[in-house]
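Structural overview for review
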2 protein chains.
Amino acid sequence: MEINQALDALSALAQPMRLDAFRLLVKAGPAGLCAGEIATRLQARPNTLSANLAHLVAAGLVRNTREGRQIRYVVEMEGMQRLLGFLMEDCCGGQPELCRPVLEKIVCC
Amino acid sequence: MEINQALDALSALAQPMRLDAFRLLVKAGPAGLCAGEIATRLQARPNTLSANLAHLVAAGLVRNTREGRQIRYVVEMEGMQRLLGFLMEDCCGGQPELCRPVLEKIVCC
DNA sequence: TCCATAATTCGAGAAATATAGAAATGATTT
DNA sequence: AAATCATTTCTATATTTCTCGAATTATGGA
């Protein structure tokens, strides 16, 4: 991953509404959620949310597909993976005992 | 980790000079680097860099200690750990096969 | 076709952030 | 004590980002 992609992803996540939306989508998993549903849950105006979701899509963290008149958003795990990998790149200078615990403590399931 | 801490960490990283500095410190490991050395490597002005390093410290991603007349900066792995954990929180709704590959591909050492 | 619904795009004003020069602080050397 | 060096703090300006209302596009139903 190149640095600009990483910056896009980080600034996409570095904003309250977008971080909330992203986490909602992470929890929703592969089923995702439609724009309106996200707007309701976050109590956000549709147009503002739309701009923010577009930001997440552009950053490669989320993808969307139209379903009738709604648009479904789904988290893109590969984007997340690229970002995390980039941040940990060349950490610890080949001494696994320094960073291994960091990765092991990421308990998600 | 609460959301505001996560936002602080993400916006700290979502800026070119800070992301560069952070990655330099990740690679430097526990030895860290002094402000002047970082400034030289990034070709940044000392005052601008200082403001940016302060941002990383405030976000809990880096810590600093004075050493004579220099100030050494060291990456704070616990901060990184908190952030990654927060981003992956409740992912995949208890289906490890969905997110396990993501974490496994973060090869750092 | 006409209407309603879901969501996006556009444009402008308000707010937040980044940078750099100048001055100040803290520590070492002479 | 004076000079020097490493770094930070202060302050103003320039830039970027955020949000909102209004208008627009796309789809499905009567």
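So, here is what we can say about the structure in this document. Keep in mind the model is a prediction, meaning the values are calculated, not measured.

A few words now on the interface of chain A and chain B. Listed as interface residues are 40 residues of chain A and, on the opposing side, 39 residues of chain B. Buried surface at the junction of chain A and chain B, both sides included, amounts to about 3,900 Å², of which 77% is carbon and sulfur. The interface formed by chain A and chain B holds four salt bridges in total. We note a salt bridge from D90(B) to K27(A), for which the minimum N-O separation is 3.9 Å. Between the two partners, chain A and chain B, sit two residue pairs in polar contact (both at pLDDT 80 or more). Of all the elements in the fold, those that place two or more residues in the side of chain A that touches chain B are helix 1 (3-13), helix 2 (16-28), helix 5 (77-88) and helix 6 (96-104) of chain A. Per-element accounting of the side of chain A that touches chain B gives the leading share, eight residues, to helix 5 of chain A.

Positioned with a positive phi, D90(A) is a non-glycine residue whose angle comes to about 60 degrees. The residue D90(A) is located in the loop between helix 5 and helix 6 in this model. One non-glycine residue, Q43(B), adopts positive backbone phi at about 55 degrees. Inspection of the secondary structure puts Q43(B) in the loop between helix 3 (35-42) and helix 4 (46-58).

Following the sequence through the fold, Q81(B) ends up in helix 5 (residues 77-88). Residue classification places Q81(B) among the buried positions, given a relative accessible area of 18%. Those residues in contact with Q81(B) that lie beyond four places of it in its chain are P101(A), V102(A) and K105(A).

Taken together, 20 residues are adjacent to DNA strand C, and G36(A), S50(A), Y73(A), R18(B) and N47(B) come closest. Put simply, 68% of the atoms of DNA strand C that lie within 4 Å of the protein are in sugar or phosphate. Taking S50(A), its side chain carries an N or O atom lying 2.7 Å from a phosphate oxygen of DNA strand C. Y73(A) has a polar side-chain atom sitting 2.3 Å from a phosphate oxygen of DNA strand C. Elements that contribute at least two residues to the surface near DNA strand C include exactly helix 3 (35-42), helix 4 (46-58) and strand 3 (70-75) of chain A together with helix 4 of chain B. In terms of residue count, the dominant contributor to the surface near DNA strand C is helix 4 of chain B (four residues). Within the surface near DNA strand C, the residues separate by chemical class into five nonpolar, ten polar and five charged.

Quick look at the sheet that holds strand 2 (residues 62-67) of chain A now. Residues and elements named next belong to chain A. The strand order across the open sheet formed by three strands is 1-3-2, and the pairing between neighbours is antiparallel. Among the strands making up the open sheet, the edge pair consists of strand 1 (33-34) and strand 2. Strand direction decides the pairing type here: strand 2 and strand 3, joined by six bridges, are antiparallel. Directly across from V62, in strand 3, lies its bridge partner V75.

Before going further, it helps to examine the relation of the copies chain A and chain B. Superposition record for chain A on chain B: RMSD 0.0 Å, screw rotation 180 degrees, translation along axis 0.0 Å. Such values leave the two copies arranged in the relation of a two-fold axis. Comparing interface residues between copies, 98% of those in chain A also lie at the interface in chain B; the contact surface is shared.

What counts and what doesn't
- Residues numbered from 1 in each chain as written.
- Chains lettered and ligands numbered in written order.
- Predicted model: local features only at pLDDT ≥ 70, side-chain atom pairs only at ≥ 80, totals over all residues.
- Heavy atoms only, no water.
- Contact = heavy atoms within 4.5 Å.
- Buried area = accessible area lost by both parts, 1.4 Å probe.
- Salt bridge = Lys/Arg side-chain N within 4 Å of Asp/Glu carboxyl O.
- Polar contact = N/O pair within 3.5 Å; in protein donor to acceptor, adjacent residues only side chain to side chain.
- Helix = DSSP H or I, 4+ residues; strand = E, 2+ residues; numbered from the N terminus.
- Buried < 20%, exposed > 50% of the residue type's maximum accessible area, 1.4 Å probe, protein only.
- Near = heavy atom within 4 Å.
- Nonpolar A, V, L, I, M, F, W, Y, C, P; charged D, E, K, R; others polar.
- Pairing = 2+ DSSP bridges.
- Least-squares fit on C-alpha atoms with pLDDT ≥ 70 in both.

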